[in-house]
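What the coordinates show
Below, each chain spelled out in residue letters.
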Amino acid sequence: MSSTLYWHRHDLRLGDNPALSFAVEQGAVQPVFILDTTNDNPWPYGAASKWWLHHSLESLQESYKKAGVALLLLAGDPVKILPKLLRDTKATCVVWNRRYDAYGIAQDKFLKESLPAEVKSFNGNLLLEPWQIKTKTGENYKVFTPFWRALSAQSISIDPLAGTPHQIKPFSPPPEGLNLNDLDLRPTKPDWAKSFEPHWTIGETEAQQKLDKFLDNTVIAYKDGRDFPAQDDTSRLSPHLAFGEISPRQIWYATQAQLSAHKKNAAYTTNADHFLREVAWREFAYHLLYQYPDTPTEPLYPKFKAMKWKKSKKHWDSWTKGQTGYPIVDAGMRQLWQTGYMHNRVRMIVASFLIKDLMIAWQDGATWFWDTLVDADLANNTLGWQWTAGCGADASPYYRIFNPGLQSAKFDKNGDYIRTYVPELAKLPAKYIHEPWKAPPLILKEAGVILGKDYPEPIIDHATARDYALQAFKELV
Ligand code: FAD
């Protein structure tokens, strides 16, 4: 009978977990999570992610407890901890689900070659491995639609429900680790994450329930509804996916099952298909990150490296604090601050504003999102920022510059989203809420808004900024 250490990373669940299923079949299992406290990881957990991680580990501890085993928590350098743990426990095998970022790949490769035990790795986080999808000529896909066609044509062949272990044989004696609070993941003074709490229930059970509810009630309006930030028409599964509380295969299977059940319902089919298409963007992002490991910091197309970005602390502070004077931008940045999440349409608007209006490097924006998003995901974040900057795969062309006022009028017509997050403008009529500086003085007065006092004047003129950005980008292409 062998004994297996299972090292958790971005896979904080028991269901559809190939590494765990394998370990359980072998005999005794010790699941372990190691908080990497070295300075080597260029993308350590951001502050919002740490908050989520605390609760996700708490939920995972509960699941393991029910299955008869304790989750071991440790902190330090995994490269030093794992060999010691192997020696102490006399485990014969180590398993994990694969990572796809450069740091993770290098660490896993080193450990696979150096650990004095059998090491096995699995695909627990993607529909298909990056090396399983290539063009007919063996190239990597750099355009989404053909990637999506190729992905949909493949069979994704695992039954996610087959392997949820309900009883796990523990190590005897079990190794001792840290308490969850010792990992010090939650903010204390001040506890800025308090405002996140009403928005999220964290863990595997919630992720499954959220998916089921979404497929039963919400997906039917997804294709068009997903663009309107005041509507609750998206799944909000992103942080659960980022921490691996749910797998993309579970989402794929559940959606396919619903598609079969609703075969004759054209509206359901269109919307659920579109949902799968968005899940495939995540897949595309991971494939790109794997093939182009420098892209979290370097533009995929090198000609964009020469861009002369501006460095204005004043503009940066206005953007991060949601005080730019552009209500849709400010609403997005404040949604992020208050909830750890931002709607996808608004992510594109605020990113475009930072890059093209303020001419601040997309890498700075990506770093800010990394720290503040509860769904921070290196692959998706990189894709989102490079797409908006126009320097990545299948990106928005550089000359497409979002006009915040027009975007706002189109996607938040009545200003409901703005009113939620920028309450100082709540009394402005919809006609003026998108560009309050255009409102007549009397309307502003009636709404109780003094521009420059209650709410900022725009920090930049969009039309002038647009011309400048167009010229700067044109010089590079
Ligand atoms: P749904 O619309 O319900 O989609 C379901 C799932 O599909 C998502 O959870 C996500 O995993 C995937 N997905 C949807 N849209 C995209 C997309 N455009 N790109 C990649 N995957 C997608 N997403 C993250 O998960 N983490 C990030 O750090 C992140 N950073 C972003 C930065 C920028 C500048 C932009 C423009 C987008 C970013 N996204 C990121 C993508 C997208 O905004 C979120 O995935 C989405 O808003 C999550 O909400 P949801 O789960 O309700 O999405």
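Please read these numbers as outputs of a predicted model, since none were measured by experiment. (Residues numbered from 1 in each chain as written. Predicted model: local features only at pLDDT ≥ 70, side-chain atom pairs only at ≥ 80, totals over all residues. Heavy atoms only, no water.)

1. Concerning helix 4 (residues 102-114)
For helix 4, which comprises 13 residues, the first-to-last C-alpha distance of 18 Å matches the rise-based estimate of 18 Å (1.5 Å per residue) to within 8%. Along helix 4, the positions that sit buried rather than exposed are Tyr-103, Gly-104, Gln-107, Asp-108 and Leu-111. The buried side chains of helix 4 occupy one side of the element, clustering within an arc of 120° when seen end-on. Facing away from the buried side of helix 4 by more than 90 degrees, the exposed set consists of Lys-109 and Glu-113. On its buried face, helix 4 sits against strand 1 (2-8), strand 2 (27-36), helix 3 (78-89), strand 4 (93-97) and strand 5 (118-122). (Helix = DSSP H or I, 4+ residues; strand = E, 2+ residues; numbered from the N terminus. Expected span 1.5 Å × (residues − 1). Buried < 20%, exposed > 50% of the residue type's maximum accessible area, 1.4 Å probe, protein only. Arc of directions from axis to C-beta. Contact = heavy atoms within 4.5 Å.)

2. Observations regarding the sheet that holds strand 3 (residues 72-76)
An order of 3-2-1-4-5 is seen for the five strands of this open sheet, with the pairing classed as parallel. Two strands close off the open sheet at either side, each with one partner strand: strand 3 and strand 5. Neighbour to neighbour, the strand axes of the sheet diverge by 25° on average, direction disregarded. (Pairing = 2+ DSSP bridges. Axes fitted to C-alpha atoms, helices over the stretch in contact; angles between N-to-C directions.)

3. Section: unusual backbone geometry
The linkage connecting Ser-172 with the following residue, Pro-173, adopts the cis geometry, with an omega of -5°. Tracing the sequence through the fold places Pro-173 in the loop between helix 5 (144-153) and helix 6 (204-218). For the peptide bond that leads from Lys-189 to Pro-190, omega is 0°, which places it in the cis range. The residue Pro-190 is located in the loop between helix 5 and helix 6 in this model. Located in the positive-phi region is Asp-16, a residue other than glycine, with phi close to 35°. Relative to the elements of secondary structure, Asp-16 occurs in the loop between strand 1 and helix 1 (18-26). Within the chain, Lys-90 stands out as a residue other than glycine whose phi angle is a positive 60°.

4. Focus on the packing of helix 13 (residues 344-357) against helix 15 (residues 378-389)
Close contact between helix 13 and helix 15 brings their axes to 9 Å; oriented N to C, the two are set at 55°. If you check the angle between helix 13 and helix 15, you find them oblique. Considering only the axes of helix 13 and helix 15, their crossing is right-handed. Taken together, the residues of helix 15 that come into contact with helix 13 (itself represented by Met-348, Ala-351, Ser-352, Leu-354, Ile-355 and Lys-356) are Trp-385, Trp-387, Thr-388 and Ala-389. (Parallel < 35°, antiparallel > 145°, perpendicular 65-115°, else oblique. Left-handed = near helix turned anticlockwise from the far one by under 90°.)

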